[in-house]
Amino acid sequence: MPKKKVSLDVTQVENFIFDMNRCIKCKGCTWVDHIYMPGIKFSTRCPSATRYLFDSYGAYGKMRIGLALAEGKLDYSDKLLEILYACTLCGACDVGCKRNLDLEIELTLEAIRIKAVKDGKGPMPEHKKIANNIATKHNSFGAPHENRRKWLPEGMKPASKAEVLYFVGCSASYTNPEIAQATVKILNASGTPFMLMPDEWCCGNALYSVGMMGEAQALARRNVEAVKQTGATTLLTSCAEGYRMWKVDYPKILNMSTADLGFRVVHLVEYVDELIKKGTLKPTKRVDLRLTYHDSCSLSRLSEPWVPWEGERGLWGVVAPPLERRRGANGVYQQPRDILSSIPGVELVEMPRMRENAFCCGAGRGTKEAFPDFALWAARQRLEEVKEVGAEAVVSACPWCKDNFAQAVKKNGGNLKVLDISELILASVEV
Amino acid sequence: MAISKEAYKVLESIVGAEYISADPTICEGYRAGPGGYECGLGYERVMTKVPGCVIMPRTTEEVQKIVKVCNRYKIPFVPYSTGWYGARSHPHVADELLIDLKRMDDFEIDDKHLYAVVGPGVIYSQLQEEAMRRGMYIIVGGGGSQVSAIANMIGDGWSPLSYRIGLPHRRILGTELVLPDGEIVLMGSLALQDDPFWGDGLGPDLRGLLRGFTGHRGCLGIVTKMAIKLMPFQPERLEPTGISPHTTLQLPTNRVRWINFTMPSRDSMKEAMFEMAKAEIGAGVTKVPLFWRAIAKARSKEEFWELWSKESEETISNFHVLRVLLVGFASEEQLEYEEQVLMDIIAELGGEARRTRPSDESWFKNADSAGMWLMCGGYVSVDYVIETIEHAIPHGENYAKLKRKFTPPLMPDYGDPGWFQSFELGHQGYSEFLVYWDPDENTDGVDHFYLETSKENIRKRFYTSLLGPHQPLYLTGPAYGPNYHKWLLAVKNEFDPNFVCHPPVPLAHDEFVERAEWMKPLKDWEGPEIAPKL
């Protein structure tokens, strides 16, 4: 059999024909890993397949649809775009598939969206609006750019030069300032000097996620260069989506390894976990709360570093040179749990679906903007699980999750607390 | 949309607009292949179609109404629970209605009388978890935890754990079946009262008709509810551990233990199975193909091939590993006793215990069956026999010889004679022959081998489980009946006078041979005139 050249380049959907061809409908992408199957309730991990039910919304359906599209056997339609975009790209399908089959499902889904944009059919109108906001105001909400630092607590002065650069992100800058405020106070409490980007722009998460590769690439180049100019050695985020962009998608977009970015990308929970374990930061104040931790997809199963790969595929689908597959096993799962467990008074209870099996909150990667009802539905599903384990609070490590859960709680009523982990850390260390 | 607007409207009025679609993108998402069980082969390419419409009923009443509409408007339909069974569980004719049963996921469990009542949308891992939480268990079929429990119970439904309790037909209790014309048949105790706790009912036992040997692939109606017998287990939890892809159930070794033994020969493995059966010990026992070990060791497809390419005819023929499961169902002392007896048996036969991981990912909550596609991309079990242990072993050996002629395109396996095990405490023997291929290669040879296995069974008098819905009915029927084919068609005609339920099953493989040019040279039997109503 002649060998075929292949790479992980998502701008060419042809690279993923093999993966679309080999899907066997085991639905490992939809069900919770059977080893961890909690029973009749909470048995799925794909929000899209669970909400819309038709197989076409599961990864197995999308692989078939993507293949037909790539081979020119299926035309674009409103339904097709809905199926492509009413999906949180949360990576549950990808780790599920790699439990047994090692197909590149997440990359395939990204590649199909990029193709849809290239073909002039995608993204959804709401996404185009975000793209316009980013182009004109440098943030996804269309808020005035000059307000980007308004969140800074009074009297708090970031360093003009420091090893650690805190990339705040659009959400913590505009809609969830409490997260940014808690983050810088934690850094202060630990004695970590930090700086901000001289002129911070959106990370471009929505742009890349909906397939607008050109725009995402331009932003990635600009942002990476801007960080390099600062001389920072560590880029710290408090947003899971931003973390994934910097750590995984920028290198992917720029065809480089995460290791070659020139600086380390860390999420606040990784940084704080290290500080606590070193004894630099001590969570001593009591927080009496029975809580559960929601794994944000971009911090957990989607966060393994990126390494470009190209090579050949031959008989039996064997590739050369060796491909180190990103299977989600090395995501940031344990650190937030260790942090929460170290806080006096906190009782951490796990939901049936946790770590790589977690059910996405529904907000990420352009979903909430285009399909707000679906996003809220997903959040409500997750909140049912929170209720099931009798938690008083749900804690996440991403403003998108927090915001979506908070909206769902507000809509549903009830007294469940929705917190970002930064707020809890701050409550336990603040003097 | 080929289903008439009028018929669509009627169907829509049954389930609501949200649960029916004839949109081409929705329908494309239900395509059988190109990947999947038996997919990528000629049968899938020639015989399957994208559905013309998909409908998702919630209740038995809705299923009945849908089926009646199909009969009224002559719309072919196919029941579909998870779609796992590859080509044969998907539409075979144009503009077919696919009845997706995933919304029918009702579940009740009776831990006092040890049974669960499930809808076709309930899968095995859900059922197993609910059962184990209450001190019971079920056999998760080799198809894996992801399959609909009902579909598997009426089709296959066995694994190495069947050693103790045999095939699943006896564990089918009260059952509700919607016939192809919409009539309801209540089976077992459901026929007498609204309580499905018992499998026997009035008149002849229809479970045989429902299952045949390995099912009818949905051509005799739709099972909408089934009570499934659960068995008492031991009380300790099998603890899930690890992060994907390395997840496993940690076994409580005081109550559950797998032990692998190196045996001196294939005969000694067979003897061990007989001796264990005589002593009435063990909860599972199977021969381990060398292939499984390579799969278990490899961390990727590439690593599998690196390991596998080091094997040879010699290593295969000298590899005799027996895997035994012990469960202290009643007590820790039971496990200790059984282990001592087992060690005596193995020692007498010259075997030796190997270090065995105290974990399970393949049988209790079978999580890795999909991994069968990792190595090559294409997979099907071409045959299984369920007869005696003496019968099972030569079955695999014969197939290994036959297979040489078809390798390639089949994966090189150095003459591996497949897998055999013991059911029903040694009263039955089981042999399954699995084949793998690269779907990007010419697969005509795989299609040929598949059919040749049927001829080999007839020649050598192996008691195959794959009859009508899996092989040409007019090839296998006269050989195994002699009127098996006529009876099956008579039943089909009686239940499905309009031939709308998953046509042309059970004549689908006959039709495949007629339609696929490359299959014609193999046809040396009298075929049916494919009925005009197909």
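What you are looking at is a predicted structure, and each value in this text was computed from that prediction instead of being measured. Within each chain, residues carry numbers counting from 1 in the order of the written sequence. Throughout, the order in which chains and ligands are written sets their labels, letters from A for the former and numbers from 1 for the latter. Local features in this predicted model are restricted to residues of pLDDT 70 or higher, and side-chain atom pairs are both shown and tallied only at a pLDDT of 80 or more, whereas totals for entire chains, interfaces and linings draw on every residue.

Draft legend 1. Structural context of the overall build of chain A. Assigned secondary structure in chain A consists of 18 helices and eleven strands. Taken against the 2.2 N^0.38 rule, which gives 22 Å for 431 residues, the C-alpha radius of gyration of chain A at 21 Å falls within 12% of a compact globule. Burial is judged by counting the other C-beta atoms within 10 Å of a residue's own C-beta: 20 or more makes it buried, 12 or fewer makes it exposed, and any count in between marks it as partly exposed, with every C-beta position built from the backbone. For chain A, buried positions account for 58% of its 431 residues. What counts as a contact here is a pair of residues whose C-beta atoms, placed from the backbone, lie within 7 Å. Looking at chain A alone, contacts between residues at least 24 apart form 79% of all its contacts between residues at least 6 apart. Every helix listed is a DSSP run of H or I at least four residues long, and every strand listed is a run of E at least two residues long, numbered separately from the N terminus. Every radius of gyration here is taken over C-alpha atoms, with the globule rule written as 2.2 Å times N^0.38, N being the number of residues.

Draft legend 2. Representation of the overall build of chain B in the model. Helix and strand content of chain B: 18 helices and 21 strands. Against the globule reference of 24 Å for 534 residues, chain B gives a C-alpha radius of gyration of 23 Å, in line with a compact fold. Its C-alpha atoms give chain B principal-axis dimensions of roughly 70 × 55 × 45 Å. Going through the 534 residues of chain B one by one, you find that 58% of them count as buried. For chain B, long-range pairs separated by at least 24 residues make up 70% of all intrachain contacts whose partners lie at least 6 apart in sequence.

Draft legend 3. The environment of Lys310 of chain B, seen in detail. Turning to its location among the elements, Lys310 of chain B is positioned in the loop between α11 (301–308) and α12 (313–317). C-alpha separation for the pair Lys310 of chain B and Gly174 of chain B, spaced 136 residues apart in sequence, amounts to 51 Å.

Draft legend 4. Fine view of the sheet that holds strand β2 (residues 53–55) of chain B. All names here are of chain B. Overall, mixed pairing links the four strands, which are arranged β1-β2-β4-β3 in an open sheet. Two strands in the sheet have a free side with no partner beyond their single neighbour: β1 (20–21) and β3 (77–80). Here, axes are lines fitted to C-alpha atoms. For helices the fit covers the stretch in contact, and angles between N-to-C directions go from 0 to 180 degrees. Running at roughly 175 degrees to strand β4 (residues 97–100), helix α4 (residues 60–73) makes contact with β2, β3 and β4 of the sheet. Two strands qualify as a pair provided that DSSP identifies no fewer than 2 bridges between them.

Draft legend 5. A look at the interface of chain A and chain B. Counting residues at the interface gives 51 residues for chain A and 57 residues for chain B. The set of elements that each furnish at least two residues to the side of chain A that touches chain B consists of α1 (17–22), α3 (59–70), α4 (78–85) and α5 (92–98) of chain A. Looking at the side of chain A that touches chain B element by element, the count peaks at four residues for α3 of chain A. Gly falls in the polar group here, along with every residue not listed as nonpolar (Ala, Val, Leu, Ile, Met, Phe, Trp, Tyr, Cys, Pro) or charged (Asp, Glu, Lys, Arg). For the side of chain A that touches chain B, the per-class residue count stands at 26 nonpolar, eleven polar and 14 charged.

Draft legend 6. Seen up close, unusual backbone geometry. Look at the link from Ala320 of chain A to Pro321 of chain A: it is a cis peptide, with omega at -5 degrees. Residue position: Pro321 of chain A is located in the loop between β8 (319–320) and α14 (334–342). Of note, the amide linkage connecting Pro503 of chain B to Pro504 of chain B takes the cis form, showing an omega dihedral of 0 degrees. Counting through the fold element by element, Pro504 of chain B comes out in the loop between α17 (484–495) and α18 (508–515). If you check the backbone angles, Phe42 of chain A has positive phi at about 55 degrees while not being a glycine.

Draft legend 7. Focus on the domain arrangement of chain B. Residues and elements named next belong to chain B. Domain delimitation in this document rests on an assignment produced automatically or drawn from a domain database. In terms of domains, chain B is made up of domain 1 (5–100), domain 2 (107–232), domain 3 (252–357) and domain 4 (473–522). Once you take the C-alpha centre of each, domain 1 and domain 2 turn out to be 23 Å apart. Contacts between the two partners involve 14 residues from domain 1, matched on the other side by 20 residues from domain 2. Listed by contribution, the elements that provide at least two residues to the side of domain 1 that touches domain 2 are α4 and β3. When residues in the side of domain 1 that touches domain 2 are grouped by element, the largest group, six residues, is from α4. Considering only residue class, the side of domain 1 that touches domain 2 consists of six nonpolar, six polar and two charged.

Draft legend 8. Geometry of the nonpolar core. Put simply, a nonpolar core is buried Ala, Val, Leu, Ile, Met, Phe, Trp, Tyr and Cys residues tied into one set by C-beta atoms within 7 Å. Val272 of chain A together with Ile55, Ile99 and Ile228 of chain B are the most contacted members of the largest nonpolar core, which has 295 residues in total. In this structure Ile55 of chain B touches Leu11, Val15, Tyr19, Ile20, Ile66, Leu97, Ile99 and Asp100 of chain B, once residues within four positions along its chain are discounted.

Draft legend 9. Local environment of helix α16 (residues 473–480) of chain B. Taken residue by residue, α16 of chain B has Leu473, Tyr474, Leu475, Thr476 and Gly477 of chain B as its buried positions. For α16 of chain B, the elements touching its buried residues are α15 (444–460), α17 and α18 of chain B.

Draft legend 10. View of the confidence of the model for chain B. For every residue, the predictor reports its confidence as pLDDT, a number between 0 and 100. Residues with a pLDDT of 70 or more make up 99% of chain B, whose mean pLDDT is 94. For this predicted complex, the interface score ipTM comes out at 0.96, alongside a pTM of 0.97.

Draft legend 11. Examining the sheet that holds strand β18 (residues 359–360) of chain B more closely. Residue and element names in this part refer to chain B. Overall, antiparallel pairing links the three strands, which are arranged β12-β13-β18 in an open sheet. Looking at which strands have only one partner, the edges of the open sheet turn out to be β12 (239–241) and β18. Where β12 lies against strand β13 (residues 248–250), three bridges are found, and the strand directions are antiparallel. Within β13, the position partnered with Glu239 by the bridge is Gln250.

Draft legend 12. Layout of the pairing of strand β8 (residues 172–178) of chain B. Residue and element names in this part refer to chain B. Summarising burial for β8: seven of the seven residues are buried, a large majority. In terms of strand pairing, β8 meets strand β10 (residues 222–229) through five bridges, oriented antiparallel. If you follow Leu177 over to β10, its bridge partner there is Val223. Looking at chain direction, β8 and strand β9 (residues 184–187) are connected through four bridges and run antiparallel. Directly across from Leu177, in β9, lies its bridge partner Val185. As consecutive antiparallel partners, β8 and β9 are separated by five residues, and within that stretch Gly182 has a phi angle of approximately 100 degrees, a positive value.

Draft legend 13. Representation of α14 of chain A. Residue and element names in this part refer to chain A. The set of residues buried in α14 consists of Gln335, Pro336, Ile339 and Leu340. What you see down the axis of α14 is that its buried residues fit within an arc of 130 degrees, all on one side. Along its buried surface, α14 packs onto α13 (268–278), β6 (289–293), β9 (346–349), β10 (393–396) and α18 (421–429). Each C-beta atom gives one direction from the helix axis, and the arc is the one those directions make.

Draft legend 14. Examining the environment of Glu514 of chain B more closely. Considering the arrangement of structural elements, one finds Glu514 of chain B in helix α18. As for Glu514 of chain B and Val67 of chain B, which are separated by 447 residues in sequence, their C-alpha atoms are 29 Å apart.

Draft legend 15. The packing of helix α14 (residues 389–404) of chain B against α15 of chain B, seen in detail. Residue and element names in this part refer to chain B. Contact geometry of α14 with α15 gives a least axis separation of 11 Å together with a crossing angle of 135 degrees. On the basis of the axis angle, α14 is oblique to α15. Considering how the two elements wind past one another, α14 and α15 form a crossing that is right-handed. On α15, the residues touching Asn398, Tyr399, Leu402 and Lys403 of α14 are Phe449, Glu452, Thr453, Glu456 and Lys460. Across the contact of α14 with α15, the residue classes break down as three nonpolar, two polar and four charged. For classification, angles of less than 35 degrees are called roughly parallel, those exceeding 145 degrees roughly antiparallel, those between 65 and 115 degrees roughly perpendicular, and all remaining angles oblique. By the definition used in this description, the sense in which the near helix is turned from the far one sets the handedness, with an anticlockwise turn below a right angle giving left-handed and a clockwise turn giving right-handed.

Draft legend 16. Focus on the environment of Tyr379 of chain B. Residues and elements named next belong to chain B. Mapped onto the secondary structure, Tyr379 falls in strand β19 (residues 378–387). On the basis of neighbour count, Tyr379 is assigned to the buried category, with 26 C-beta atoms found within 10 Å. When the C-alpha atoms of Tyr379 and Thr60 are compared, they prove to be 34 Å apart, with 319 residues separating the residues in sequence. For Tyr379, the contacting residues outside a window of four places in its chain are Tyr37, Met372, Trp373, Leu434 and Tyr436.

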